[in-house]
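Observations on the three-dimensional arrangement
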Amino acid sequence: MTAVVELCFVLLLFLLFVSAQAVDRSNFKTCDQSSFCKRQRELKPGQSPYRALLDTLELSDSRLTLQLINDNNKVRLLLELYRLQGNMTRVKINELKPIKPRYEVPDVLISDPITEALSVVSQDDNSLVLSLGGNEQRLIVSAQPFRLDIIEGPQVLMSLNSKGLLAFEHLRVRKDTISHKISSTVGSMWDSIKSVFSSNSESEETTGQEKEKQQTDEDGQIKEEEEKPGMWEETFKSHSDSKPNGPSSISLDFSLPGVEHVYGIPEHADTLRLKSTDNSDPYRLYNLDVFQYELHNPMALYGAVPVLISHSTERTMGIFWLNAAETWVDISSNSADKVSSDAPQTDIRWVSESGIIDVFIMLGPKPADVFTQYASLTGTQSFPPLSALAYHQCRWNYNDQEDVKAVDQGFDEHDIPYDFIWLDIEHADGKRYFTWDPIKFPTPKDMLRGLMDKRRKLVAIVDPHIRVDSGYRIHNEIRSKNFYVKNKDGGDYEGWCWPGNSGYPDFTNPEMRAWWASMFSYDQYEGSMENQYIWNDMNEPSVFNGPEVTMHKDAVHGVWEHRDVHNLYGLYVQKATSEGLIQRSGGVERPFVLTRAFFAGSQRYGAVWTGDNAAEWGHLKISIPMCLSLGLVGISFCGADVGGFFKHPSAELLVRWYQAGAYQPFFRAHAHIDTPRREPWLFGPENTALIREAVRQRYALLPYWYQQFYNAHNTGQPVMRPLWVEYPGDVITFSIEDQYLIGKDLLVHPVTDEGATGVTAYLPGKGEVWYDVHSLQKHDGDQSLYIPVTMSSIPVFQRGGSIICRKERVRRSSSCMENDPYTLYVALNSQGFAEGELYIDDFHTFNYQKSKQFIHRRLSFSNNSLTSRNLVPDAQFSTESWIERIMVIGGSRPSSVSLISADGVESALEFEFSSNPAVLTVRKPSVSAAADWTVVLR
């Protein structure tokens, strides 16, 4: 194909993209169009053919195995049970003797989970009782039908296969290709044709469902099953999936007695609390490039984290379904219709196209316990450099170096801080990644040095589709090393993306990932510097001319089909890129990498965003539950394109989005190439001032954000979290998704309605108090509070009993503020107590981890004294920052205020007191932020 034709094709694709008004749902499968989902959903509950063969039980200190048999077809499965450290149970089910290995997901678990001893409590002909340790926890294995129940005392916590929906399509050899072709062609006519051409097969009638039947001959060998459309080949639109391994899907159901609220399984543009799917498609987990996605439906989006969390006033639990293939999740609740008088129960059914059943049951019991349990499996959120938590300015695309310089100067001229400016695909030479357009960006190092002089940084996009071009070094090296994904016939897989005809590196190959990482070294990536970071987009992977805009499932990664690894691809891209940025610095500097596609464990490698949203109020609203859902499953570093990627926001919407984005973890403005420019100063001076104030609030709070990410990195607790995480017994909080907590001490209720004159915020906690961070007015907890708002309002409250550190000398970038002083906001609870933390390091290297170069201090106020003490005495770090001001909110007027230094020297301090609101301002204690000290109020 000539270059002109290629260019015309890409242009056509581009025009189709930019002219679309919303997602074309016909491009993406429903469950009914996904043959394995349809087959599995046709199975009826209560008819399980599986039986546990208790006489095959083998028990070691850490592992129990026994065989399961499908009494319909005599296929045997192997069940493995593990009791894991930290109140978790692992259940694995695989074929006992598969004709070839089935895919088991690597690289997601950070290590082999630590096991604890299992012991048999009792056994009879139809059941087996195992001890799971303390709290009277037991695991009951019922033989016929097979079922698992986890109980604690008399209470059933969770049941597996209680609905009888375990289904395991075993691998088999396809023998009758003629019958297969007939089946693929005529579909529903299969039974009648089979009776003519296959006289040796037997037929059975089932109750209202087509069921695979497999008989055994006289010597007990398995015979071929009846086939159904889509088992051996499947067509969607113009795309054919050859399915060389035939049907291989798996399914298992979980019942949660007493549970009405479940969350998680991102990514979906839907409510925080997951809905019943009884009358809709299941939630789909299949990483896809969905153009301008719709709101409030269970369609798959860019990422997939197969983790579901249940919560009730009694307990929080989690289910981690470790499978990287296309997965559908059905949710059924007997309380969804508000009619049932039974005790509440939610039933979850997981269905995946291939692989094995490998599920981790996290038993809590508290929300924090589930987060810790999941983090012990897949790791914690990476600890970003401080600058990554500041404001990012992006669009597709800044035109050239002069444009970048002009935008950079515009921020200075309008006194708006920012840390990163971003470049999209147009910065590269013909969309050849790792290059620069020689006309538009002829001297990238000059551009980067100009930013560095202002202590600012740049992000450039590097996507995983590689232009097929014999003059392109990156392509030639990948091809010469045989690192491309293969098509079903063994050649390099090629598809269409932004550069035109493109190859797709096989990131499942560790050698490929190592090579990719090496390309970020300064001698390989010409023009790059240490203040350039990376953005991985289109890594679902996106293939414009592929089925569902992604890669064919029968493409090949080594010995595995793409169907087995699909949801892992984006994780591997981000992992390799992150490792490349670390390696280029000799292991010194923390990376920053943004990804669009993700999976369980992606939190270890950087940030995510919610993809191609639109400049609509509904998209602003949905950004909150979308990021909350990600935080619940370990990915705290989440944000949405401020202003909306598509379309052009009104000034009101843009201002409100900046105000919301300033209080979300990843804070980036971004816009489509087809939209008018929307730098913050282009909407008039009044709106510029409002946006400036929102961004400045973000910068003042950076010490708190940094502290929360440090805690998330160490503990796995989400940074942005639903109210029920901190108030697990308050049922009012269970469905709240228009407000949230940052850490445990800041409550945020963004204004997300057009023309709003007020919002109603729920302040939780009976006996607690909350302080408006702007007016410092005190409000009681356990109430819904109506808050009048103007265009300048960002409703934020600080929890009484907390101490929050701020830096209020806002400069052009976060790096310029590193040594600036702190202001402590001490918000007293009803008992006159407050506590908080202060964390400081060099803000960008791994030295905090390698050599304990950090400061971590406990701040506590009680008995009219505020004390700073060292939490980690063996940590060593010095700082030029000091304590500039202390604000004590909610107390009474003292007669004097004095500072007692570490060596016992006492000195008087200046102070002011305001009675309405009750605020004590202590000025210039001028004590080092690293020192021990006490401020005494008398």
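Computed from a predicted structure; not experimentally measured.

1. Section: the overall build of the protein
- Each helix and strand counted, the protein has 17 helices and 53 strands in total.
- Taken over C-alpha atoms, the radius of gyration comes to 29 Å for the protein, in line with the 30 Å a tight globule of 938 residues would show.
- Expressed as lengths along the three principal axes of its C-alpha atoms, the size of the protein is roughly 100 × 70 × 50 Å.
- The 938 residues of the protein split such that 62% are buried.
- Counting contacts in the protein only where the partners sit at least 6 residues apart, residues at least 24 apart contribute 71% of the total.
- Of note, the protein has its 91 positive side-chain charges centred 2 Å away from the centre of its 121 negative side-chain charges.

2. As for the nonpolar core
- Counting 213 residues, the largest nonpolar core has Phe320, Trp516, Phe592, Tyr658, Leu824, Ile886 and Trp933 as the members making the most contacts within it.
- Take this core: its biggest share by element is 9 residues, from helix H12 (residues 617-632).
- Not counting residues up to four positions away in its chain, the partners in contact with Trp516 are Phe434, Val462, Asp463, Pro464, Ile466, Pro505, Phe507, Val573, Ala576 and Thr577.

3. Some remarks on helix H9 (residues 510-518)
- Of all the positions in H9, only Met512, Arg513, Trp515, Trp516 and Ala517 are classed as buried.
- Taken together, the buried residues of H9 touch strand E25 (466-467), helix H8 (473-480) and helix H11 (569-584).
- The N-cap residue of H9 is Asn509: its side-chain oxygen and the backbone nitrogen of Glu511 are 2.9 Å apart.

4. Remarks on the pattern of salt bridges
- Under the defined criterion, the tally for this structure stands at 61 salt bridges.
- Between Lys29 and Glu234 there is a salt bridge, with its nearest N and O atoms 3.4 Å apart. Pair noted here: Lys29 is in the loop between helix H1 (3-19) and helix H2 (35-42) and Glu234 is in strand E12 (residues 234-236), with a separation of 205 residues, a long-range link.
- Relative accessible area serves as the criterion here: at 13%, Lys29 is assigned to the buried category.
- Salt bridges sharing partners connect three or more residues here, namely Asp241, Arg284, Glu326, Glu353, Glu548, Lys553, Glu561 and Arg563.

5. A closer look at the packing of aromatic side chains
- Using the criterion set out here, one finds 46 aromatic pairs in the structure.
- These aromatic residues form a ring-pair network of at least three members: Phe420, Trp422, Tyr533, Trp535, Phe592, Trp609, Phe637, Phe666 and Phe709.
- One Lys or Arg, Arg584, reaches over the ring of Tyr533 and ends 5.5 Å from the middle of that ring.
- One cation-aromatic arrangement involves Arg668 over Trp535; the distance from NZ or CZ to the ring centre is 4.7 Å.

6. A look at the packing of helix H14 (residues 685-700) against helix H15 (residues 702-715)
- Between H14 and H15, the least distance of the axes is 5 Å, while the angle of their chain directions is 55°. On the basis of the axis angle, H14 is oblique to H15. For the pair H14 and H15, the contacting residues are Arg698, Tyr699 and Ala700 in the first and Leu702, Pro703 and Trp705 in the second.
- By residue class, the composition of the contact of H14 with H15 is 5 nonpolar, no polar and 1 charged.

7. A short note on the confidence of the model for the protein
- Scored by pLDDT, the protein has a mean of 93; 92% of the residues are at 70 or more.
- Throughout residues 1-20 the model reports pLDDT below 50, and contacts reaching past four residues in sequence, or to other chains, amount to 25 contacts.
- Every residue in residues 178-220 is under pLDDT 50, and counting partners more than four places away or in other chains gives 68 contacts.

8. Focus: the packing of H9 against H11
- Contact geometry of H9 with H11 gives a least axis separation of 7 Å together with a crossing angle of 45°. Relative to H11, the element H9 is oriented oblique. Crossing angle aside, the handedness with which H9 passes H11 is right-handed. Counting all contacts with H9, which are made through Arg513, Trp516, Ala517 and Ser518, the residues of H11 involved are Tyr572, Val573, Lys575, Ala576, Thr577, Glu579, Gly580 and Gln583.
- In terms of residue class, the contact of H9 with H11 is made up of 5 nonpolar, 4 polar and 3 charged.

9. Some points on the environment of Gly527
- Counting through the fold element by element, Gly527 comes out in the loop between H9 and strand E28 (532-536).
- With relative accessibility at 13%, the residue Gly527 sits in the buried group.
- Expressed as a C-alpha distance, the spacing of Gly527 and Lys445, which sit 82 residues apart in the sequence, is 5.4 Å.
- The contact partners of Gly527, leaving out residues within four places of it in the chain, are Trp436, Pro444, Lys445, Leu448 and Gln532.

10. A look at the state of the cysteines
- For the structure shown, the criterion picks out 2 disulfides.
- Between the sulfur atoms of Cys31 and its disulfide partner Cys37 the distance amounts to 2.0 Å. Handedness of the Cys31-Cys37 disulfide follows from its S-S torsion of about -100°: it is left-handed.
- Since its relative accessible area comes to 3%, Cys31 is described here as buried.
- Sequence-ordered numbering of the bonded cysteines in the protein yields a pairing of 1-2, 3-4.

11. Overview of the sheet that holds strand E27 (residues 500-503)
- Taken in spatial order, the 3 strands line up as E25-E27-E26 in an open sheet, and their pairing is antiparallel. Across the chains shown, the open sheet's two edge strands, defined by having one partner strand only, are E25 and strand E26 (494-497).
- When E26 meets E27, the two strands line up antiparallel, connected through 4 bridges. Of the residues in E27, the one forming a bridge with Glu494 is Gly503.

Rules and cut-offs
Per chain, the residues get numbers from 1 upward, laid out in the order the sequence is written. Selection of residues for local features in this predicted model requires a pLDDT of at least 70, selection of side-chain atom pairs for listing and counting requires 80 or more, and totals for whole chains, interfaces and linings are taken over all residues. As a convention, hydrogens and water are excluded, and side-chain values are obtained from all of the structure's heavy atoms. Put simply, DSSP H or I for four residues or longer makes a helix, DSSP E for two residues or longer makes a strand, and each gets a number counted from the N terminus. The reference for a compact globule is 2.2 Å times residues^0.38; the radius of gyration itself is calculated from the C-alpha atoms. Exposed residues in this analysis have more than 50% of their type's maximum accessible area, buried residues have under 20%, and partly exposed residues fall in between, with area computed by a 1.4 Å probe over protein chains only. Only heavy atoms enter the contact rule, under which two residues are in contact if any of them lie within 4.5 Å. When charges are counted, neither His nor the chain ends are considered; positive counts come from Lys and Arg and negative counts from Asp and Glu. Taken as the charge location is NZ of Lys, CZ of Arg, CG of Asp or CD of Glu. Residues belong to a common nonpolar core when they are buried Ala, Val, Leu, Ile, Met, Phe, Trp, Tyr or Cys residues joined through side-chain atoms within 4.5 Å. What qualifies as a polar contact is a pair of N or O atoms within 3.5 Å, subject to a donor-acceptor requirement within protein and to the restriction that residues adjacent in sequence count only when both atoms come from side chains. The salt bridge criterion pairs a side-chain nitrogen of Lys or Arg with a carboxyl oxygen of Asp or Glu, the two atoms within 4 Å. Pairing of aromatic side chains here covers Phe, Tyr and the six-membered ring of Trp, requires ring centres within 6.5 Å, and sorts the geometry by plane angle: under 30 degrees stacked, over 60 edge-to-face, intermediate tilted. Charges are assigned to positions over rings by a cutoff of 6 Å between ring centre and Lys NZ or Arg CZ, combined with an angular limit of 35 degrees from the ring normal. Between N-to-C directions, angles cover 0 to 180 degrees, with each direction set by a line fitted to C-alpha atoms, over the stretch in contact for helices. Note on terminology: angles under 35 degrees are roughly parallel, angles over 145 are roughly antiparallel, angles of 65 to 115 are roughly perpendicular, and the others are oblique. Under this grouping Gly is polar, as are all residues other than the nonpolar Ala, Val, Leu, Ile, Met, Phe, Trp, Tyr, Cys and Pro and the charged Asp, Glu, Lys and Arg. pLDDT gives the predictor's per-residue confidence on a scale running from 0 to 100. By definition, turning the near helix anticlockwise from the far helix through less than a right angle yields a left-handed crossing, and turning it clockwise yields a right-handed one. To count as a disulfide, a pair of cysteine sulfur atoms needs to be within 2.5 Å. Between any two strands, at least two bridges found by DSSP are needed for them to pair.

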